[in-house]
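Descriptive structure summary
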Amino acid sequence: MTVKYTEDHEWIRVEDGVGTVGITNHAQEQLGDVVFVELPEVGATVAKGDASGVVESVKAASEIYAPVSGEIVAVNDALADAPQTVNADPAGAGWFYRIRLSDPSQLDGLMDEDAYKSHAGA
Amino acid sequence: MTESPELKTTPLTELHEQLGARMVPFAGYLMPVQFPLGVLGEHRHTRAKAGLFDVSHMGQLRIDGADAAARLETLVPGDILGLAEGRMRYTQFTDETGGILDDLMVTNAGDHLFVVVNAACKEADTAHLRGTLGDAVTELPDRALLALQGPSAEAALATLAPEAAAMTFMTFRAMDVAGVPCLVTRSGYTGEDGYEISVPAADARRIAERLLALPEVEAIGLGARDSLRLEAGLCLYGHDIDTTTSPVEAALTWSIGKRRREQGGFPGAARVQAEIAGGAARRRVGLRPEGRAPAREGAEITDPDGRTIGRITSGGFGPTVDGPVAMGYVESGFTGDGSEVRLVVRGKPMPARVARLPFVTPGYKR
């Protein structure tokens, strides 16, 4: 299992060619209380870097960018009624969607945990 | 902590930082946008109990002279001559075209008028006032301003100033708070009962700490101040009102007294009187999106067929409403409660309805 991070503060955890995507604890802290999450459609195809959802906090709306290219195979419907889960458990129950990677080599361009910590100034 | 040297501070800046606030630049000041409780928690706490806000960045002025009210009336459409001693009133500085230069609170403090203006406008407002009132205008830079808001505000302030409990909404008293001479009004900008307390800068921190020591009082930042005033249907200058909006368009006609409507005598009176008589081409309304997605400032408002009819001026999530809320201007045919409109969010038209303001029932003590 691999966990990688983007410069835009998303994480992706890959198992058997499917990545689960969410935002980091640093990102949720910066956003503040999350009040709404817009997720992509299951079956949609996205390219790395595409806007693939929106997370709205009490302060602002932020795009979620696809960390890799692929097909959306599941979305976290529980966030519709409980968007605050993104604040409470960003690396777990607050996941956004699952994506079947079309080009696993794209993961090589993402940061590992140490590099991300440095990027986020932790 | 990123402190730009050019940002001004208030007598409570150090306290905010010690309380763990996230500090941001606002109107030239370093101000707390949120405390560790967070915007949602702070909002809900204020509605349930009491919140303490540092609004010391706002401009406090006094106007002296027997003719202060008459002369101030040449700048604002509010009835200042009719303002009884110990009472306060909301009004606006208008320009010659009937646009709004700023909104303000005017208090008849007996031997003078006490005026509170917005932080971002205070230098321009002071110059504007001096242009008409000259030396009668005195800035009060050595005073802090605290707002204590919420249903527990009365009980909380009564622990330091028992006299405050007897006041009613939009009244003023000079009184000692914890032994410090203060100017207290029963007012605020959250839709809740509460007070604004003008306190000598040197005593501000001590009084704030006394209030924060009470279990029902929490420190509240600008983030929750914004969501509270939005739910209360109150205008934020520079967003919901500015020089392009008249008081009638802004649905502030209630703040213009009968005598002023008839007699005019304030900048832009001709336009304001014409709009009162014949209606304005557009008006500020409340908007409730039907889904859960907030529609924010700048979003286009269209009719159900997609024709643009206005724009959102404030919008976000209303924690007490438990859903998205917004305010904006729409063409006169769409101002009725329940009118169906669309709000364009990220290119998509979202169904919404015009809604009565405020979104929450005010808790004012009449």
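What you see is a predicted model, and the numbers here were worked out from it, not measured in a lab.

1. A look at the overall build of chain A
A count of helices and strands for chain A gives 4 helices and 9 strands. Listed by position from the N terminus, the elements making up chain A come as β-β-β-α-β-β-β-β-β-α-α-β-α. Computed over its C-alpha atoms, the radius of gyration of chain A comes to 13 Å, within 12% of the 14 Å expected for a compact globule of 122 residues. Projected onto its principal axes, the C-alpha positions of chain A cover 35 × 35 × 20 Å. Per-residue burial for chain A yields a buried fraction of 49% across its 122 residues.

2. Some points on the domain arrangement of chain B
All names here are of chain B. Domain boundaries assigned for chain B yield domain 1 (1-232) and domain 2 (281-355). Taking the mean C-alpha position of each, domain 1 and domain 2 sit 30 Å from one another. Contacts between domain 1 and domain 2 engage 8 residues on the former and 11 residues on the latter. Both faces considered, domain 1 and domain 2 share a buried interface measuring about 710 Å² in area, 65% of it formed by carbon and sulfur atoms. It is Arg229, Leu230 and Glu231 in domain 1 that bury the most area against domain 2; as a group they hold 61% of the surface buried on that side. There are 0 salt bridges connecting domain 1 and domain 2. Where domain 1 touches domain 2, the interface holds 5 residue pairs in polar contact (both at pLDDT 80 or more). For the side of domain 1 that touches domain 2, the secondary structure elements donating two or more residues are α2 (39-48) and α7 (222-231). Split by residue class, the side of domain 1 that touches domain 2 holds 2 nonpolar, 2 polar and 4 charged.

3. Looking at the interface of chain A and chain B
Every contact between the two is made by 13 residues of chain A and, on the other side, 13 residues of chain B. Here chain A and chain B share an interface that buries about 1,200 Å² over both sides, 50% of which is from carbon and sulfur atoms. For the interface between chain A and chain B, the tally reads 4 salt bridges. Salt-bridge contacts for Lys348(B) lead to Glu38(A); the nearest nitrogen and oxygen are separated by 3.2 Å.

4. Quick notes on the sheet that holds strand β8 (residues 70-75) of chain A
All names here are of chain A. A sheet is described by the order of its strands in space; here 6 strands give the open sequence β1-β2-β3-β9-β8-β5, paired in antiparallel fashion. Both edges of this open sheet fall to β1 (2-5) and β5 (45-46), since each of them pairs with a single strand only. In this sheet, β8 lies alongside β5 in antiparallel orientation, the contact comprising 2 bridges. In the strand pairing of β8, Val46 is matched with Gly70.

5. Let's talk about the environment of Val39(B)
Examined against the element boundaries, Val39(B) turns out to sit in helix α2. Here the alpha-carbon distance between Val39(B) and Gly223(B), two residues 184 residues apart in the chain, equals 5.7 Å. Once residues lying within four places of it in the same chain are set aside, the contact partners of Val39(B) are Asp33(A), Val58(A), Val33(B), Gln34(B), Gly223(B), Ala224(B) and Ser227(B).

6. Some thoughts on the environment of Glu275(B)
Residue and element names in this part refer to chain B. Its place among the elements puts Glu275 in helix α9 (residues 269-278). The spacing of Glu275 and Pro247 is 28 residues in sequence and 9.4 Å in space, taken between C-alpha atoms. If near-sequence neighbours (up to four positions away) are discounted, Glu275 is found in contact with Ser246, Val248, Glu249 and Ala280.

7. A closer look at the packing of α2(B) against α7(B)
All names here are of chain B. Two numbers describe how α2 lies on α7: the axes approach to 8 Å, and their chain directions differ by 55 degrees. Relative to α7, α2 is oriented oblique. The hand of the α2/α7 crossing is right-handed. Residues Val39, Glu42, His43, Thr46 and Arg47 of α2 form the contact with α7, whose own contacting residues are Gly223, Ala224, Ser227, Leu228 and Glu231.

8. Here's the deal with the side chain of His112(B)
Residue and element names in this part refer to chain B. Note that His112 resides in the loop between β6 (100-108) and β7 (113-117). Within the local environment of His112, its side chain forms a polar contact with the side chain of Arg62, the two groups lying 3.3 Å apart. The contact partners of His112, leaving out residues within four places of it in the chain, are Arg62, Ile63, Asp64 and Thr107.

9. Observations regarding the sheet that holds strand β17 (residues 323-331) of chain B
Paired through backbone hydrogen bonds, the strands of a sheet run either parallel or antiparallel to each other. All names here are of chain B. Ordered in space as β14-β17-β16-β15-β18-β19, the 6 strands form a closed barrel in which the pairing is antiparallel. Neighbouring strand axes in the sheet, compared pairwise and without regard to direction, differ in orientation by 40 degrees on average. Relative to β17, strand β14 (residues 282-289) runs antiparallel, the two sharing 6 bridges. The residue of β17 that forms the bridge with Val285 is Gly328. Contacts from α7 reach β16 (308-318) and β17, with the element oriented near 125 degrees to β16.

10. Looking at the pattern of salt bridges
Tallying each qualifying case throughout the model produces 33 salt bridges over all chains. Where Asp64(B) meets Arg62(B), a salt bridge forms, and the shortest distance between an N and an O atom there is 2.8 Å. Among the residues examined, Asp64(B) registers a relative accessible area of 25% and is labelled partly exposed. For Arg292(B), the salt bridge is made with Asp322(B), and the minimal N-O distance between the two is 3.6 Å. With Arg292(B) in the loop between β14 and β15 (300-302) and Asp322(B) in the loop between β16 and β17, this residue pair connects regions lying 30 residues apart in the sequence. Take Arg292(B): its relative accessible area is 36%, and that puts it in the partly exposed class. When salt bridges that share partners are traced, they join Glu38(A), Glu56(A), Arg296(B), Arg346(B) and Lys348(B) into one network.

Reading the values: rules and limits
- Residues numbered from 1 in each chain as written.
- Chains lettered and ligands numbered in written order.
- Predicted model: local features only at pLDDT ≥ 70, side-chain atom pairs only at ≥ 80, totals over all residues.
- Heavy atoms only, no water.
- Helix = DSSP H or I, 4+ residues; strand = E, 2+ residues; numbered from the N terminus.
- Rg over C-alpha atoms; globule rule 2.2 N^0.38 Å.
- Buried < 20%, exposed > 50% of the residue type's maximum accessible area, 1.4 Å probe, protein only.
- Domains from an automatic or database assignment.
- Contact = heavy atoms within 4.5 Å.
- Buried area = accessible area lost by both parts, 1.4 Å probe.
- Salt bridge = Lys/Arg side-chain N within 4 Å of Asp/Glu carboxyl O.
- Polar contact = N/O pair within 3.5 Å; in protein donor to acceptor, adjacent residues only side chain to side chain.
- Nonpolar A, V, L, I, M, F, W, Y, C, P; charged D, E, K, R; others polar.
- Pairing = 2+ DSSP bridges.
- Axes fitted to C-alpha atoms, helices over the stretch in contact; angles between N-to-C directions.
- Parallel < 35°, antiparallel > 145°, perpendicular 65-115°, else oblique.
- Left-handed = near helix turned anticlockwise from the far one by under 90°.

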